[in-house]
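These are the residues of each chain, in order.
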Amino acid sequence: MADQVFPTKGNLLNIQKSLSLARLGYELMDKKRNILIRELMLMVDAAKSLRGTIDNTFIQAYSALQMANIARGVIENVANAVPVEESLSVSYRSVMGCELPKLAIEERKPVLNYGLQYTDSNVDMAYICFERVKYMTATLAEVETSIYRLTNSIRKTQTRANALQNIVIPRYESIVRYISGSLEEKEREEFSRMKVIKAQKMRKRYKIKSADSY
């Protein structure tokens, strides 16, 4: 690659500028990677906490549902009376160019949509527990999706940083050394040539002076 670049001062300035931009790009990629990793660690901790909480809530909900089915028979008609959740909305926030989702469900007090004649406290407990699970599931989905996107962004950032550090920057440094060495060699050759020319002129002047003295 270096041999294909003509060693001129103009090319040296251009390559030095490209080298400076590549180093700046690597620094930015490194900072971006560190920020994304910190964000990922926060998300991982949040996911661990949520999974433990949601598992316990699911256990309570299914236990209450099982007791309700035992006491009242299969309560499918009660489940069908519960309306489908349609208040879910999705927005996004950007972390160093990585778009992370923000899920929101309109929080409201639980409203019983079934009659009390054929239900009991077990059905109410199951309904309340599954209401909690609904909100927790939305939060967990938000966190796990963010973890997935952050992981992909970190991997891409790492790949670009490695390319800059191990390929682009060393290549530009090699070209700079090649051009600088070539220019220095030319300067030395030019200096030597000028010394020879100066010496030749001095000899000619000496010969002329010597001839004039005779």
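Remarks on the environment of M136
Thought 1: In this fold, M136 is placed in helix α3 (residues 121-213).
Thought 2: In this structure M136 comes out as buried when scored by relative accessible area, which is 19%.
Thought 3: For the pair M136 and T53, spaced 83 residues apart in sequence, the C-alpha separation works out to 8.4 Å.
Thought 4: Apart from residues lying up to four places away in sequence, M136 is in contact with T53, I54 and T57.

Describing the nonpolar core
Thought 1: Among the nonpolar cores identified, the biggest contains 16 residues, and I15, A22, L164, Y172, I175 and I179 are the most heavily contacted of them.
Thought 2: Elements that contribute at least two residues to this core include exactly α1 (9-72) and α3.
Thought 3: With nine residues, α3 is the single largest residue contributor to this core.
Thought 4: Residues within four places of I15 in sequence aside, it is in contact with Y172, I175, V176 and I179.
Thought 5: The next biggest cluster of nonpolar side chains, apart from the first, holds 15 residues, and it includes I54, M136, V143 and I154.

Quick look at the pattern of salt bridges
Thought 1: By the definition in use, this model includes six salt bridges.
Thought 2: Salt-bridge contacts for E173 lead to R23; the nearest nitrogen and oxygen are separated by 2.8 Å. With E173 in helix α3 and R23 in helix α1, this residue pair connects regions lying 150 residues apart in the sequence.
Thought 3: Residue class for R23 comes out partly exposed when judged on its relative accessible area of 39%.
Thought 4: Its salt-bridge partner being E142, residue K102 comes within 3.8 Å of it at the nearest N-O pair. Of this pair, K102 sits in strand β2 (residues 98-104) while E142 sits in helix α3, placing them 40 residues apart in sequence.
Thought 5: Of the residues examined, K102 reaches a relative accessible area of 44% and is grouped as partly exposed.
Thought 6: You can call E142 buried: its relative accessible area is 12%.

Quick notes on unusual backbone geometry
Thought 1: One non-glycine residue, M96, adopts positive backbone phi at about 55°.
Thought 2: Along the chain, M96 turns up in the loop between β1 (89-95) and β2.
Thought 3: Note on M96: relative accessible area 39%, which makes it partly exposed.

Looking at the side chain of S146
Thought 1: Examined against the element boundaries, S146 turns out to sit in helix α3.
Thought 2: Residue S146 is classed as buried on the basis of its relative accessible area, which comes to 1%.

Things to note about a nonpolar patch on the surface
Thought 1: Together, L21, L24 and L28 make up an exposed nonpolar region whose accessible area comes to about 290 Å².
Thought 2: Among the secondary structure elements, L21 is positioned in helix α1.
Thought 3: Using a relative accessible area of 55% as the deciding quantity, one classes L21 as exposed.

Brief notes about the environment of A79
Thought 1: Positionally, A79 belongs in helix α2 (residues 76-81).
Thought 2: For the pair A79 and V123, spaced 44 residues apart in sequence, the C-alpha to C-alpha distance is 9.6 Å.

Focus on the pairing of β2
Thought 1: Where β1 meets β2, seven bridges bridge the pair, whose relative direction is antiparallel. Within the sheet, the bridge partner assigned to S94 lies in β2 and is E99.

Basis of the calculations
Residues numbered from 1 in each chain as written. Predicted model: local features only at pLDDT ≥ 70, side-chain atom pairs only at ≥ 80, totals over all residues. Heavy atoms only, no water. Helix = DSSP H or I, 4+ residues; strand = E, 2+ residues; numbered from the N terminus. Buried < 20%, exposed > 50% of the residue type's maximum accessible area, 1.4 Å probe, protein only. Contact = heavy atoms within 4.5 Å. Core = buried A, V, L, I, M, F, W, Y, C linked by side-chain atoms within 4.5 Å. Salt bridge = Lys/Arg side-chain N within 4 Å of Asp/Glu carboxyl O. Patch = residues over 30% accessible without salt bridge, like charges linked within 9 Å, V, L, I, M, F, W, Y side chains within 5 Å. Areas by Shrake-Rupley, 256 points an atom, 1.4 Å probe, with all protein chains shown as cover. Pairing = 2+ DSSP bridges.

Take it as geometry only, folks, not as evidence of what the structure does.
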